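So the chains spell out like this:
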Amino acid sequence: TSMVTLANSGRIAAELTVSGKSVNGETPVVMVNGEAAKSGRSIFPSSTISTPDDTSAVISMGKAGQIELAPNSSLNLTFDDNAVNGELNAGRLTVLGSLGTVSIRTVDGATTTLKAGEEILASGKAQTRSSGGSKNWWIWAVVAAGAAAVVIIAVSQSGDDNLVSPTR
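Note that the structure is predicted; figures quoted are calculated from it, not measured.

Colleague: Could you clarify how one ought to interpret the overall build of the protein in this entry?
Modeller: Across its full length, the protein holds 1 helix and 14 strands. Taking all 168 residues of the protein together, the buried fraction comes to 26%. Pairs at least 24 residues apart make up 37% of the contacts formed inside the protein by residues separated by at least 6 positions. Entry remark: accessible area of the protein is about 10,900 Å², with carbon and sulfur atoms responsible for 54%.

Written as structure tokens, this is what we have:
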């Protein structure tokens, strides 16, 4: 028998997902360490990510977490398997999920530890992200009620009392 082993550098990487609009209809990009970057690019610790107008970026760092940078944001990012650290120089950062700690330093010099669902502005103001959930709860209620109605109708319509034996 033979065994193949791939070399592992031990370096962890994050994945970048870019969304938004570009002026000329091309795929939106953000700047990573001064270079234009599209979705799917690997981000390594000690990177600087900047988002232009109308473009946001999600950085997925495996177990360490997932963060979102709003348009017109700039972040110096470091991370490992257990923690995310960053310096938010402009804009807004939101923690989408994290198993470890997410500590962000803002331009006022303060460092804030954030949990999933919390966001922080470069000015240092932290808040819980509302994402319109409290205003639009009724949409989800209508969807759930519609799904329940479909299931009830399907179950009541499938009750066929005239069974036919395949051997008759």
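Colleague: Help me understand the pairing of strand β5 (residues 47-50), please; the structure alone is not making it clear to me.
Modeller: Side chains Ser47 and Ile49 of β5 all project onto a buried face; the interleaved residues Thr48 and Ser50 project onto a face where none is buried. Bridge count between β5 and strand β8 (residues 74-79): 4 bridges; the pairing is antiparallel. The partner of Thr48 across the bridge, within β8, is Asn76.

Colleague: Which parts of the structure should I look at to understand the nonpolar core?
Modeller: What tends to happen in soluble globular proteins is that the nonpolar side chains get buried as a cluster. Ranked by internal contacts, the top residues of the largest apolar core, which has 26 residues, are Leu16, Ile59, Met61, Leu77 and Leu93. Elements with a contribution of two residues or more to this core: β1 (14-20), β2 (30-32), β6 (55-60), β7 (66-69), β8, β9 (83-90), β10 (92-97) and β11 (101-105). Sequence-distant contacts of Leu93, that is, excluding residues within four places in its chain, are made with Ile67, Glu68, Leu69, Leu75, Leu88, Ile104, Leu114, Glu118, Glu119 and Ile120.

Colleague: Is there a simple way to explain the side chain of Thr94 in this structure?
Modeller: Tracing the backbone shows Thr94 in strand β10. There is a polar contact of 3.2 Å between the side chain of Thr94 and the side chain of Glu119.

Colleague: Mind showing me how you'd approach the sheet that holds β9 here?
Modeller: Note: strands within a sheet are paired through backbone hydrogen bonds, in either parallel or antiparallel orientation. A sheet is described by the order of its strands in space; here 7 strands give the open sequence β3-β2-β5-β8-β9-β11-β12, paired in mixed fashion. Unpaired on one side and paired on the other, β3 (35-37) and β12 (111-114) mark the two borders of the sheet. When the angles between neighbouring strand axes are averaged without regard to direction, this sheet yields 30°. Note that β11 and β12 share 4 bridges and pair antiparallel. Of the residues in β12, the one forming a bridge with Ile104 is Thr112.

Colleague: Is there a simple way to explain the pattern of salt bridges in this structure?
Modeller: Any two side chains of opposite charge can pair, so long as their charged atoms come close to each other. Applying the stated criterion to the full structure yields 2 salt bridges. Across the pair Arg92 and Glu119 runs a salt bridge whose closest N-O atoms are separated by 3.6 Å. Of this pair, Arg92 sits in strand β10 while Glu119 sits in strand β13 (residues 118-121); the two residues are 27 residues apart in sequence, bridging distant segments of the chain. Residue Arg92 is classed as partly exposed on the basis of its relative accessible area, which comes to 33%. On the basis of relative accessibility, which here comes to 8%, the residue Glu119 falls in the buried class.

Colleague: I keep staring at the environment of Pro71 and nothing clicks. Help me out?
Modeller: Relative to the helices and strands, Pro71 is located in the loop between β7 and β8. Note: C-alpha distance between Pro71 and Leu93 (22 residues apart in sequence) is 9.7 Å. Residues in contact with Pro71, not counting those within four places in the same chain, are Thr51, Pro52, Asp53, Asp54, Thr55 and Ser56.

Colleague: What is the right way to read the confidence of the model for the protein from this model?
Modeller: Where the model shows low pLDDT, its predicted coordinates should not be examined in detail. Here the protein shows a mean pLDDT of 82. Residues at 70 or above account for 76%. In the model of the protein, helix α1 (residues 137-157) stands out as the element of lowest mean pLDDT, 70, in contrast to β5, which has the highest, 96.

Colleague: Sorry if this is basic, but what is going on with the pairing of β1 here?
Modeller: Looking down a regular strand, the side chains alternate between one sheet face and the other. In this sheet, strand β4 (residues 42-43) lies alongside β1 in antiparallel orientation, the contact comprising 2 bridges. Residue pairing for β4: Glu15 is matched across the bridge by Ser42. As paired strands, β1 and β6 are joined by 6 bridges and run antiparallel to one another. What sits directly across from Thr17, in β6, is Val58.

Quick notes on the rules
Residues numbered from 1 in each chain as written. Predicted model: local features only at pLDDT ≥ 70, side-chain atom pairs only at ≥ 80, totals over all residues. Heavy atoms only, no water. Helix = DSSP H or I, 4+ residues; strand = E, 2+ residues; numbered from the N terminus. Buried < 20%, exposed > 50% of the residue type's maximum accessible area, 1.4 Å probe, protein only. Contact = heavy atoms within 4.5 Å. Areas by Shrake-Rupley, 256 points an atom, 1.4 Å probe, with all protein chains shown as cover. Pairing = 2+ DSSP bridges. Core = buried A, V, L, I, M, F, W, Y, C linked by side-chain atoms within 4.5 Å. Polar contact = N/O pair within 3.5 Å; in protein donor to acceptor, adjacent residues only side chain to side chain. Axes fitted to C-alpha atoms, helices over the stretch in contact; angles between N-to-C directions. Salt bridge = Lys/Arg side-chain N within 4 Å of Asp/Glu carboxyl O. pLDDT = per-residue confidence, 0-100.

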